[in-house]
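Chain by chain, the residues run as shown.
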Amino acid sequence: QQPVQSPQAVILREGEDAVINCSSSKALYSVHWYRQKHGEAPVFLMILLKGGEQKGHEKISASFNEKKQQSSLYLTASQLSYSGTYFCGTPVNTGNQFYFGTGTSLTVIP
Amino acid sequence: DVKVTQSSRYLVKRTGEKVFLECVQDMDHENMFWYRQDPGLGLRLIYFSYDVKMKEKGDIPEGYSVSREKKERFSLILESASTNQTSMYLCASSLIQGRRTNEKLFFGSGTQLSVL
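Not measured: the values here are computed from a predicted model.

K.L.:
Looking at this structure, how should I read the interface of chain B and chain A?
P.N.:
A common way to state how big an interface is: give the accessible area lost once the parts meet. At the junction of the two partners, chain B supplies 31 residues and chain A supplies 29 residues. Summed over both partners, the interface of chain B with chain A comes to about 2,500 Å²; 52% of that surface belongs to carbon and sulfur atoms. The interface formed by chain B and chain A holds 0 salt bridges in total. At the boundary of chain B with chain A, the tally comes to 7 residue pairs in polar contact (both at pLDDT 80 or more). Residue assignment for the side of chain B that touches chain A shows that the elements contributing at least two residues are strand E4 (31–38), strand E5 (42–51) and strand E6 (54–57) of chain B. When residues of the side of chain B that touches chain A are assigned to their parent elements, the largest contribution, 6 residues, is made by E5(B).

K.L.:
I tried to follow the packing of aromatic side chains on my own but got confused; where do I start?
P.N.:
The geometry of an aromatic ring pair is captured by the separation of the ring centres together with the interplanar angle, meaning the angle of the planes. Taken as a whole, this structure holds 11 aromatic pairs over all chains when the rule is applied. Members of the aromatic cluster, each reached through a chain of ring pairs, are Tyr34(A), Phe44(A), Phe87(A), Phe98(A), Phe100(A), Phe33(B), Tyr35(B), Phe48(B) and Phe107(B).

K.L.:
Would you mind going over unusual backbone geometry with me for this structure?
P.N.:
In most cases, non-glycine residues show a negative phi, while peptide bonds are predominantly trans. Residues and elements named next belong to chain A. For the bond from Ser6 to Pro7, the omega torsion is -5 degrees, close enough to zero to count as cis. Secondary-structure assignment places Pro7 in the loop between strand E1 (4–6) and strand E2 (9–13). Of note in the backbone geometry, Ala77 takes a positive phi value of approximately 45 degrees without being a glycine. Within the secondary structure, Ala77 sits in the loop between strand E8 (70–75) and strand E9 (84–92).

Thresholds, definitions, all that
- Residues numbered from 1 in each chain as written.
- Chains lettered and ligands numbered in written order.
- Predicted model: local features only at pLDDT ≥ 70, side-chain atom pairs only at ≥ 80, totals over all residues.
- Heavy atoms only, no water.
- Contact = heavy atoms within 4.5 Å.
- Buried area = accessible area lost by both parts, 1.4 Å probe.
- Salt bridge = Lys/Arg side-chain N within 4 Å of Asp/Glu carboxyl O.
- Polar contact = N/O pair within 3.5 Å; in protein donor to acceptor, adjacent residues only side chain to side chain.
- Helix = DSSP H or I, 4+ residues; strand = E, 2+ residues; numbered from the N terminus.
- Phe/Tyr/Trp six-rings, centres within 6.5 Å; stacked < 30°, edge-to-face > 60°.

In short, geometric facts, not functional conclusions.
Written out as structure tokens, the structure is:
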């Protein structure tokens, strides 16, 4: 049930870009993205509800390809504050079950 | 703001002990979830509940049980703790949701459980 994310880990220098992918073997009806900083609770970033949708959140944006059962998170001109673990998540079955992906650790260095 | 409170930040238990992890939310959310977080494996769903006294298994329910006697409280129980249950446990809550809704999850700060 768990979506698979790639890469598992990435290290960036400030100002560089990154893409995190989320892929599901089951139908994706909507996709959430969350970020967890070290020692803290995961925090919501954005939801994509429809195939083809793209959303932005400052310099962090995401796309959702419903047919391919994939979503991607784009981080541009990365900042030190972007460091953390990113998770995609999706409701399954009737919607009340909620599964998260395998996670991507992002480290931004000066 | 929604507050999800987990009773302990760190917990150390011995093999075979019965362990209770408590989670309380203050926003009248119908859904509550328990996940465990392990490096490289992400967040794996143990159990969830969509109403009082209702529970459903997630991907990894073995060795765990849950209790939801009141809407605001969702407890995770390790009947006989084992070393492979050493992990970070995260509780979350949300309003009732369908497959395409805007209802996001709110998380507690987590409980780092060590079983020796």
